[in-house]
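# Architecture at a glance
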Amino acid sequence: MKNELSFDVVVIGGGHAGCEAAAASARLGVNTALFTHKFDTIGEMSCNPAIGGLGKGHLVREIDALDGLMGEVADRSGIQFRLLNRSRGPAVRGPRTQSDRSLYKKYMQKKLVNYCNLSIYSDPVIRFNFNKNAIIGFITQSGKEIKSSKIILTTGTFLNGLIHIGEEKTPAGRFNEKASTGLSEQLVKYNFKIGRLKTGTPPRLDSRTINFDNLEEQHADDDPYFFSFLTKKNFNKQISCRMTYTNSAVHKIISKNIGRSAMYSGDIKGVGPRYCPSIEDKIKKFSDKQRHQIFLEPEGLNDYTIYPNGISTSLPADVQQEICSKINGLENVKILRPGYAIEYDFVDPTELFLTLETKKIKNLFLAGQINGTTGYEEAAAQGLIAGINAALSFKEREPFILDRSEAYIGVMIDDLVTKGVAEPYRMFTSRAEYRLSLRSDNADIRLTQKGIDIGLVQKKREEIYIEKYTQLLKIQRKLDNLKITPSKVARYGVNIAKDGISRSANQILGQKSVNLRKIREIWPEIIYVSREIDEQLEINSHYIGYLKKQNADILAFKRDENFIIPDNIDYDRFAGLSNEVKSKLKKIKPKTMGQALRIDGVTPAAVYILLSHLKRKSIKHIA
């Protein structure tokens with residue numbers, strides 16, 4: 001038929017998850033298509049004009065290490081690079097950039113249209129086609145029938161999306177963009193657990209009507225820390241942000257009108273993100289605070305729009321204007337677009353395998369906010385994994401799964417699939433047990449070879465990685481082999497125990513306040529290659545004791561963590577397990593003992609019963 005098209009993998013949705021999923025699938029050499037509402041909105045930054053942050057920045061570096069798009073695009077569009085927590089330990093430092101919203105979208109679209117094996121269609125999906133419990137395709141708004149072996153659904157906030165501004169309600173996935181309706185209802189027929197979540201955004205302000213005089217200024221870093229391991233220079237002019245604050249007058253207006261907020265009128269049933277609360281939530285829940293910080297973030301170099309980060313709201317537009325006029329610097333501000341809350345459907349992520357394929361419908365993968373997460377970075381990381389696994393599944397190859405000790409991506413997906421969500425999930429460094437090993441600086445050393453092994457990483461990155469890894473190894477060996485006595489090293493101003501025992505250059509580098517500049521004074525033959533290599537060598541030496549202990553912990557953890565649970569196990573036969581535990585194990589279907597232990601409500605005692613049974617049955621360990 002003329003209106004029939006067929007693809008190996010199809011991605012539905014052109015947001016951050018959809019872009020990474022489509023690109024990853026295409027990089028693995030399968031015939032891929034991306035279907036979205038409008039081409040112009042591919043790569044849209046629907047909320048704040050920024051990428052990265054604490055935890056989130058780690059995800060972007062990992063996406064980049066696996067040859068994903070977000071890191072390079074963020075670097076190309078970055079207009080204010082900052083390394084958060086710079087004064088703290090390397091494990092909790094988080095790269096972040098303000099992005100030019102239009103440049104981000106431009107470069108993301110440019111990357112996708114130049115991808116081999118990828119076709120892009122502006123044609124919304126209106127109905128799925130199934131064959132028993134497997135998805136086989138869908139029908140588009142234009143009447144096309146699309147057949148596909150694997151489908152990745154990345155609908156963001158579009159699934160039955162509903163925007164709230166005070167008492168006004170508008171079905172939409174984003175401001176002035178139609179929601180996707182009817183798709184959730186089809187999933188419900190397969191007994192998927194569908195819930196409602198909400199997120200919000202602040203009003204957009206006209207910078208020409210803001211008085212920036214006397215407002216605190218936040219500058220970009222002088223030495224930008226980029227997201228991509230391929231980026232070597234700044235592409236754009238760097239700008240400052242300004243800061244202002246709410247005050248008692250603002251708090252009184254909000255309190256007086258709180259009943260008109262969609263969040264507090266009872267209109268919104270979905271749960272909002274605890275770590276990114278609306279200004280109404282801040283006033284109600286933190287009533288002791290006299291003021292709340294607002295970052296006035298420019299949305300672009302050639303854009304008058306300001307994003308006031310910190311006053312997300314669903315109050316009526318007239319109240320939003322009244323609030324803004326009471327804030328220092330915003331007395332005469334013009335609101336270009338009111339803030340709003342958006343409520344949308346999500347699927348309980350415990351309905352998924354670690355590959356992000358659904359348990360109830362074969363060949364259907366979910367990624368992004370549909371899985372209960374919030375944030376561009378979390379969505380993109382899921383899209384990457386879903387795209388990889390959909391393509392590998394089509395090729396009948398082993399799945400690509402990162403565990404908690406290997407990547408923040410592994411932490412996030414394990415959290416989602418094993419525990420589910422009670423609120424929109426956001427990545428933090430505190431979620432990772434092994435964060436000292438999972439630093440942003442070493443994401444390529446941890447992950448790029450894994451990407452090369454499955455054919456995911458393109459030639460340019462592979463060559464750069466191999467050259468860096470070779471140089472790193474070469475210098476590390478020199479540091480281990482070069483020796484010096486305490487008396488000789490003291491001549492260079494380095495004081496260690498006068499015990500007559502020679503130390504390696506690596507041990508000297510591990511001393512407090514010693515860096516590679518000092519090491520090169522002692523051993524000029526240790527060449528300088530790059531700041532990145534120096535940084536990793538210094539961190540490894542300074543934290544060698546902690547890293548050894550953590551690596552030992554990881555090995556101990558993996559011994560029972562990796563004990564495989566057979567797919568055909570019958571939990572009802574275990575007399576020592578409660579009915580609640582049996583129910584949860586049957587629902588989640590954990591693959592390993594470690595995953596079983598992390599299921600909410602499954603006790604260590606229950607896992608011990610399970611492990612004892614499996615060991616008696618001589619189930620083999622995996623390495």
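By convention here, each chain's residues receive numbers from 1 onward along its written sequence. In keeping with the model being predicted, local features are shown solely for residues with a pLDDT of at least 70 and side-chain atom pairs are shown and tallied solely at 80 or more, while totals for entire chains, interfaces and linings include all residues. Water and hydrogen atoms were dropped before computing side-chain values, which therefore reflect all heavy atoms in the structure.

## Let's talk about unusual backbone geometry
Unusually for a residue other than glycine, N363 sits at a positive phi of about 70°. Of note, N363 is situated in the loop between β19 (340–347) and β20 (364–366). Relative accessibility under 20% of the residue-type maximum defines a buried residue, over 50% an exposed one, and the middle range a partly exposed one, all with a 1.4 Å probe and only protein chains included. Take N363: its relative accessible area is 18%, and that puts it in the buried class. The phi torsion at S513 lies on the positive side, around 70°, for a residue other than glycine. Along the chain, S513 turns up in the loop between α15 (505–509) and α16 (516–522). By relative accessible area, S513 is classed as exposed at 72%. Secondary structure follows DSSP: runs of H or I at least 4 residues long count as helices, runs of E at least 2 residues long count as strands, and numbering of each begins at the N terminus.

## Some points on the side chain of R96
Mapped onto the elements, R96 comes out in strand β5 (residues 94–99). Under the relative-accessibility criterion, R96 is labelled buried at 16%. Under this definition, polar contacts are N or O atom pairs within 3.5 Å; protein pairs additionally need one hydrogen-donor-capable and one acceptor-capable atom, and for neighbouring residues in sequence, both atoms have to be side-chain atoms. For R96, the side chain forms a polar contact with the side chain of Q98, separated by 3.1 Å. Polar side-chain contacts of R96 include one of 3.3 Å to the side chain of E297. Residue contacts are defined here by distance: any two heavy atoms, one from each residue, within 4.5 Å place the two residues in contact. Excluding anything up to four places from it in sequence, R96 contacts N48, A50, I51, G52, G53, Q80, F81, R82, L84, F227, E297 and N309.

## Some remarks on helix α13 (residues 459–481)
The terminal C-alpha atoms of α13 lie 33 Å apart, and with 23 residues this matches the ideal 33 Å at 1.5 Å per residue to within 8%. Those residues of α13 not exposed but buried are R461, E462, Y465, K468, Q471, L472, I475, Q476 and L479. Expected span of a helix: the number of residues minus one, times 1.5 Å.

## Re a positive patch on the surface
Only residues whose relative accessible area exceeds 30% and that form no salt bridge enter a patch; like-charged residues are grouped when within 9 Å of one another, and nonpolar side chains (Val, Leu, Ile, Met, Phe, Trp, Tyr) when within 5 Å. Note that accessible areas follow from Shrake-Rupley with a 1.4 Å probe, and for residues the cover is restricted to the protein chains shown. Salt bridges are defined as contacts in which a side-chain nitrogen from Lys or Arg sits within 4 Å of a carboxyl oxygen from Asp or Glu. We score Asp and Glu as negative and Lys and Arg as positive, and we do not count His or the chain ends. All charge positions are set by atom: Lys at NZ, Arg at CZ, Asp at CG, Glu at CD. Taken together, the side chains of R76, K106, K110 and K233 define a basic patch exposed on the protein surface. Looking at where K233 falls in the secondary structure, it is placed in the loop between β14 (216–218) and β15 (241–245). Here K233 falls in the exposed class, since its relative accessible area comes to 52%.

## What to know about the sheet that holds strand β13 (residues 204–206)
The pairing criterion for strands is at least two bridges between them, as found by DSSP. Taking strand neighbours across the sheet as the criterion, the six strands line up as β14-β15-β16-β17-β13-β18 in an open arrangement whose pairing is antiparallel. Here the strands that pair on one side only, and so sit at the sheet edges, are β14 and β18 (335–337). Each strand of the sheet is rotated relative to its neighbour by a mean of 35°, with strand direction disregarded. In this structure, β14 lies alongside β15, joined through three bridges in antiparallel fashion. Residue pairing in the sheet places Q218 in a bridge with C241 of β15. Axis angles are defined between N-to-C directions and span 0 to 180 degrees, where every axis is a line fitted to C-alpha atoms and, for a helix, only to the segment in contact.

## Looking at the sheet that holds strand β10 (residues 162–165)
One open sheet holds the four strands; their spatial order is β11-β10-β19-β12, and the pairing between them is antiparallel. The sheet terminates laterally at β11 (168–171) and β12 (194–201), the two strands that pair on one side only. Mean inter-strand twist for the sheet, computed between neighbouring axes without regard to direction, equals 25°.

## So, the environment of P273
Mapped onto the secondary structure, P273 falls in the loop between α7 (262–265) and α8 (279–285). Distance in space between the C-alpha atoms of P273 and A606 is 32 Å, their sequence separation being 333 residues. Beyond its immediate sequence surroundings of up to four residues, P273 is in contact with K198, T199, T374 and P424.

## Structural notes on the pairing of strand β8 (residues 134–140)
In terms of residue burial, β8 counts as a mostly covered element, since six of its seven residues are buried. Bridge count between strand β7 (residues 125–131) and β8: six bridges; the pairing is antiparallel. Looking across to β8, one finds that F130 is bridged to I135. Joining the antiparallel neighbours β7 and β8 is a turn of two residues, in which K132 adopts a positive phi near 60°. When β8 meets strand β9 (residues 145–153), the two strands line up antiparallel, connected through three bridges. Of the residues in β9, the one forming a bridge with F138 is I146.

## Some points on the side chain of D221
Note that D221 resides in the loop between β14 and β15. Excluding residues that lie within four positions of it along the chain, D221 makes contacts with F81, R82, L83 and R86.

Interpretation in functional terms is not warranted from these geometric data alone.
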